[in-house]
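Residues per chain are reported as follows:
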Amino acid sequence: MIYTLTFSPSIDYYVYLDTEFVKGRMNRMSSDEIYYGGKGVNVSQVLLGLGVDNTALGFVAGFTGREIEEGLRAKGLKTDFVHLRNGRSRINIKLKSDVESEINAKSPRIDASDMTALLEKIDNIGKDDILVIAGSLPDDLDRNLPMHIIERLSSRETKVIADTQGESLYKILSYRPFLVKPNHIELSELFNEEFSPNDRGRIEDAAKKLQMNGARNVLVSMGSEGALLVTEDRKVYSAEAPNGMVRNTVGSGDSMIAGFITGFMENNDFEDAFIMGIAAGSATAFSDGLATGDEIRDLYRLIR
């Protein structure tokens, strides 16, 4: 089984204006949409679209948390969230007008008993399972939590895929995660030097440094410049993104992880996983929301 862990799932409320947004005045939307967000939740939804069974883990709270859980289950996704006793899950506002703006809400408070409940679920994950840890931590959680979770699973040889950043990413490397997936911006922050998307040689060197520090495989997303993969069998794969009109970048990196997992599970081949990852990330970038399984597989065949 594949599990995804999102510490703070959200309702992402997209508001569209046909006219320019005017500060301090009444603005009327032309349309709106609701998506269930959070990086791990995005991975789960794309995996489901690709026909890959998985379960979403994390924390939800209040009426918004119930909506997230019920909405994901209505799509056919399995969930096993911890329900917090206080607060409510986030509603993030995404304003689409002449200038795009976002207002992201604060996460509900997670106490010690809630964390114990999550760790009990983590302890049920076994050797043949995959755990995807994706996204940032709420402010009140221990910055070392991803490291502690991976440490609990290390004796079981569970494949862990981590999409975190900064110090959190660096600390988990020594536990030999199966895959880490920074983007070029996160690499810049981690190494305190500037990496542009077309610096493939320098990005490859940085990815190999992450590997030297413990990561088994390193997948770096580079926006319109595509991606680069350094594998544990000492191979390097690099490819530009396919041509298309970019309509949305939210969830593209999460889709890349879902595509990588799907390709690897289907053929146990890193090159195939890499190409499926690029197809999934690009398909979402070419869509208004997360790409469907059909859109991803059509693009995969085109790239192949």
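Reference entry: report on the structure contained in this document.

What counts as what
Residues numbered from 1 in each chain as written. Predicted model: local features only at pLDDT ≥ 70, side-chain atom pairs only at ≥ 80, totals over all residues. Heavy atoms only, no water. Helix = DSSP H or I, 4+ residues; strand = E, 2+ residues; numbered from the N terminus. Buried < 20%, exposed > 50% of the residue type's maximum accessible area, 1.4 Å probe, protein only. Contact = heavy atoms within 4.5 Å. Polar contact = N/O pair within 3.5 Å; in protein donor to acceptor, adjacent residues only side chain to side chain. Arc of directions from axis to C-beta. Pairing = 2+ DSSP bridges. Axes fitted to C-alpha atoms, helices over the stretch in contact; angles between N-to-C directions. Left-handed = near helix turned anticlockwise from the far one by under 90°. Nonpolar A, V, L, I, M, F, W, Y, C, P; charged D, E, K, R; others polar.

### As for the environment of Arg90
Step number 1: Within the secondary structure, Arg90 is located in strand E7 (residues 90–96).
Step number 2: Classification of Arg90 by relative accessible area gives buried; the value is 14%.
Step number 3: When the C-alpha atoms of Arg90 and Ser8 are compared, they prove to be 7.5 Å apart, with 82 residues separating the residues in sequence.
Step number 4: What Arg90 contacts, discounting residues up to four positions off in sequence, is Ser8, Pro9, Ser10, Ile11, Ala105, Lys106 and Ser107.
Step number 5: Among the polar contacts listed, one links the side chain of Arg90 to the backbone oxygen of Ser8, at a separation of 2.6 Å.

### Section: helix H3 (residues 112–122)
Step number 1: Among the residues of H3, those classed as buried are Asp114, Met115, Leu118, Leu119 and Ile122. Viewed end-on, H3 has its buried residues packed into an arc of 135°, placing them on one side of the element.
Step number 2: Those residues of H3 hidden inside the fold are in contact with strand E1 (2–6), strand E4 (54–61), strand E6 (82–84), strand E9 (130–134) and helix H4 (145–153).

### A word on the pairing of E7
Step number 1: For E7, the buried fraction is high: five of the seven residues fall into the buried class.
Step number 2: Pairing analysis gives seven bridges linking strand E2 (residues 10–16) to E7, with the strands arranged parallel. Counted as the bridge partner of Tyr14 is Lys94 from E7.
Step number 3: Inspection of the sheet shows E7 paired to strand E8 (residues 101–103) by three bridges, in the antiparallel sense. From the neighbouring strand, Lys94 faces E8, where its bridge partner is Glu102.
Step number 4: In this antiparallel pair of consecutive strands, E7 and E8, the connection spans four residues.

### Description of the packing of helix H8 (residues 252–267) against helix H9 (residues 270–285)
Step number 1: Contact geometry of H8 with H9 gives a least axis separation of 6 Å together with a crossing angle of 150°. The element H8 and its partner H9 pack so that their crossing is right-handed. Of the residues in H9, those in contact with Ser252, Ser255, Met256, Gly259, Phe260, Thr262, Gly263, Phe264, Glu266 and Asn267 of H8 are Phe270, Asp272, Ala273, Phe274, Met276, Gly277, Ile278, Ala280, Gly281, Ser282, Thr284 and Ala285.
Step number 2: Across the contact of H8 with H9, the residue classes tally to 10 nonpolar, 10 polar and two charged.

These figures come from the coordinates and say nothing about function on their own.
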